[in-house]
Amino acid sequence: MPRLSEVIAALDTLWPPERAEGWDAVGTVCGEPDQEITRVLFAVDPVREIVDEAVKLSANLLVTHHPLYLRGTTTVAADTFKGRVVHTLIKNDIALHVAHTNADRADPGVSDALAGALDLRVVRPLVPDPTDPEGRRGLGRVCELDHPLTVRELAARAAGRLPATAQGIRVAGDPEAVVRTVAVSGGSGDSLFDDVRAAGVDAFLTADLRHHPASEARAHSPLALLDAAHWATEWPWCELAAAQLDEISDRKGWGLRVHVSKTVTDPWTAHAASTETPNAMGAPN
């Protein structure tokens, strides 16, 4: 069986840590380099539910997209929820490794997985990585549909193909407008509006769209916006990443057992629809 250091070296070829954003916190959080690895679990969030799942699964390695300590810490005391995560991992000999913005910019990466889940054909990166001479890496993806859809139909496809969440898919724009080209970005994407407009696409599907950036984007152009749950837009990457590690394991004869968590760690748990239609005139008194 491979040692943790060997598996991490393989993962670093897929998502080199030096390609992460400067503010990011990627790489191995805990784990003994010489520990033998037999079972790996992929998930979006390094939260207690996922760690408990890794324990039940007898996994030796947990790979998550989101960092455990993005902004650093001064304690891993077990009476804090992140400290409890660390204690549980170490007590159960489970290593934790993070691939965040280095996985966002990879080829294939988080947005490729999102496009694949929606049956979109990737044309190019939305924000190309200037260090990639082939022009395949970068943030987001510009995509084409297999056939034109209305915004309403595209939203329905996204709602049906992405993991179910309380939020579902929010739409800004004419529901009957025709969409032929789409920009997608897994995770928070409202910092990319200038790039989306420059790409000349009909729609932009991402997550965490805030009021003011979305309002300004709609004022600039007829661009349709589709806002999904952050967790749902990044979960397809877990399946892609697991398949990539499976291929490496088969090629090297490691015999790893690789799993993808289906535990929903989106923080929103319920949704109450407004009783008035969105087009109702006037705010409540």
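Each residue is numbered by its place in its chain's sequence as written, counting from 1. Whole-chain, interface and lining totals are the exception, using all residues; otherwise, since this is a predicted model, local features are given only for residues with pLDDT of at least 70 and side-chain atom pairs are given and counted only at 80 or more. Remark: hydrogens and water are excluded; side-chain values derive from all non-hydrogen atoms of the structure.

(A) Expanded view of the overall build of the chain. Runs of E in the DSSP output that reach at least two residues are strands. Runs of H or I that reach at least four are helices, and both are numbered from the N terminus. Scanning the chain from terminus to terminus reveals nine helices and eleven strands. Taken over C-alpha atoms, the radius of gyration is set against a globule rule of 2.2 Å times the number of residues to the power 0.38. Taken against the 2.2 N^0.38 rule, which gives 19 Å for 285 residues, the C-alpha radius of gyration of the chain at 20 Å falls within 12% of a compact globule. Burial status across the chain gives 47% buried among its 285 residues. Only heavy atoms matter for contacts: two residues are in contact if any of them lie within 4.5 Å across the pair. Sequence separation of at least 24 residues holds for 65% of the intrachain contacts in the chain that already meet a minimum separation of 6. Working definition: with a 1.4 Å probe on protein chains only, accessible area under 20% of the residue-type maximum means buried, over 50% means exposed, and in between means partly exposed.

(B) Expanded view of the state of the cysteines. Two cysteine sulfur atoms make up a disulfide if the distance between them is within 2.5 Å. Evaluated as defined, the whole model comprises zero disulfides. You can see Cys30 has no disulfide; the closest cysteine sulfur is in Cys238, sitting 18 Å from it. Free of any disulfide, Cys143 has its nearest cysteine sulfur in Cys238, 19 Å distant.

(C) Seen up close, the packing of aromatic side chains. For Phe, Tyr and Trp, rings pair up if their centres lie within 6.5 Å, where Trp contributes its six-membered ring, and each pair is then called stacked (planes under 30 degrees apart), edge-to-face (over 60) or tilted (otherwise). Taken as a whole and judged by the stated rule, the model has three aromatic pairs. Where Phe42 meets Trp237, the ring centres are 6.3 Å apart and the plane angle is 75°; that geometry is what we call edge-to-face. You can see Phe42 sitting in strand 2 (residues 39-43) and its partner Trp237 sitting in helix 9 (residues 230-252), a full 195 residues away along the chain. Of the two residues examined, Phe42 and Trp237, each falls in the buried class.

(D) Region of the structure containing the side chain of Asp104. Note on placement: Asp104 falls in helix 4 (residues 101-104). His is not counted, nor are the chain ends, whereas Lys and Arg count as positive and Asp and Glu as negative. By definition, a salt bridge exists where a carboxyl oxygen of Asp or Glu is found within 4 Å of a side-chain nitrogen of Lys or Arg. Of the side chains with opposite charge, Arg105 comes closest to the buried, unpaired Asp104, at an N-O distance of 8.4 Å. A distance of 3.4 Å separates a polar atom in the side chain of Asp104 from a polar atom in the side chain of His65. Pairs of N or O atoms are called polar contacts if they sit within 3.5 Å, as long as, within protein, a hydrogen donor faces a hydrogen acceptor (for residues adjacent in sequence, only side-chain-to-side-chain pairs).

(E) Main features of the sheet that holds strand 5 (residues 121-128). One open sheet holds the six strands; their spatial order is 5-6-8-9-10-7, and the pairing between them is mixed. Bordering the open sheet on either side are strand 5 and strand 7 (170-172), each of which pairs with just one other strand. The sheet shows a mean angle of 25° between the axes of neighbouring strands, direction not considered. For strand 8 (residues 178-188) and strand 9 (residues 203-207), the ladder comprises four bridges, and the chain directions are parallel. Counterpart to Val182 in the pairing with strand 9 is Ala203. Here the axes come from fitting lines to C-alpha atoms, over the contacting stretch only for helices, and the angles between their N-to-C directions go from 0 to 180 degrees. Packing against the sheet, helix 9 makes contact with strand 8, strand 9 and strand 10 (224-228), and its axis sits at approximately 90° to strand 8. Two strands pair if DSSP finds at least two bridges between them.

(F) Examining the nonpolar core more closely. The definition of a nonpolar core used throughout is a set of buried Ala, Val, Leu, Ile, Met, Phe, Trp, Tyr and Cys residues joined through side-chain atoms within 4.5 Å. Formed by 53 residues in total, the largest nonpolar core has its most connected members in Trp15, Phe42, Leu61, Val182 and Trp237. Top contributing element to this core by residue count: helix 9, with nine residues. Non-local contacts of Trp15, meaning those with residues more than four positions away in its chain, are made with Phe42, Ala99, Asn102, Ala103, Ala106, Trp237, Ala241 and Gln244. Core analysis: the next-biggest nonpolar cluster, separate from the first, contains 15 residues, Ile50, Ala54, Ala59 and Leu96 among them.

(G) Broad picture of helix 2 (residues 48-57). Among all positions of helix 2, only Ile50, Val51 and Ala54 are buried. One face of helix 2 carries all of its buried residues, which in axial projection span an arc of 100°. Residues of helix 2 that are buried in the fold lie against strand 2, strand 3 (61-64) and helix 3 (81-91). Immediately downstream of helix 2, the backbone of Ser58 shows phi near 60°, a positive value. The directions from the helix axis to the C-beta atoms form the arc being described.

(H) Representation of the environment of Gly255 in the model. One can find Gly255 in the loop between helix 9 and strand 11 (257-260). Taking the C-alpha atoms as reference points, Gly255 and Glu153, 102 residues apart in sequence, are found 42 Å from one another. Those residues within four positions of Gly255 in sequence are excluded, and the remaining contacts are Met1, Thr38 and Ser249.

(I) Looking closely at unusual backbone geometry. The amide bond that connects Asp107 to the next residue, Pro108, takes the cis arrangement and shows omega of 0°. Summarising the element assignment, Pro108 is placed in the loop between helix 4 and helix 5 (110-117). Of note, the phi angle at Ser58 is positive, near 60°, even though the residue is not glycine. We note that Asp93 has phi near 55°; this positive angle belongs to a residue other than glycine.

(J) Quick look at the sheet that holds strand 2. Taken in spatial order, the five strands make up an open sheet running 1-4-3-2-11, and their pairing is mixed. Of all the strands in the sheet, the pair left with one neighbour each is strand 1 (27-30) and strand 11. The sheet shows a mean angle of 25° between the axes of neighbouring strands, direction not considered. Examined bridge by bridge, strand 3 and strand 4 (residues 95-98) share four bridges and lie parallel to one another. Looking across to strand 4, one finds that Leu61 is bridged to Ala95. Strands strand 2, strand 3 and strand 11 of the sheet are contacted by helix 9, whose axis makes an angle of about 175° with strand 11.

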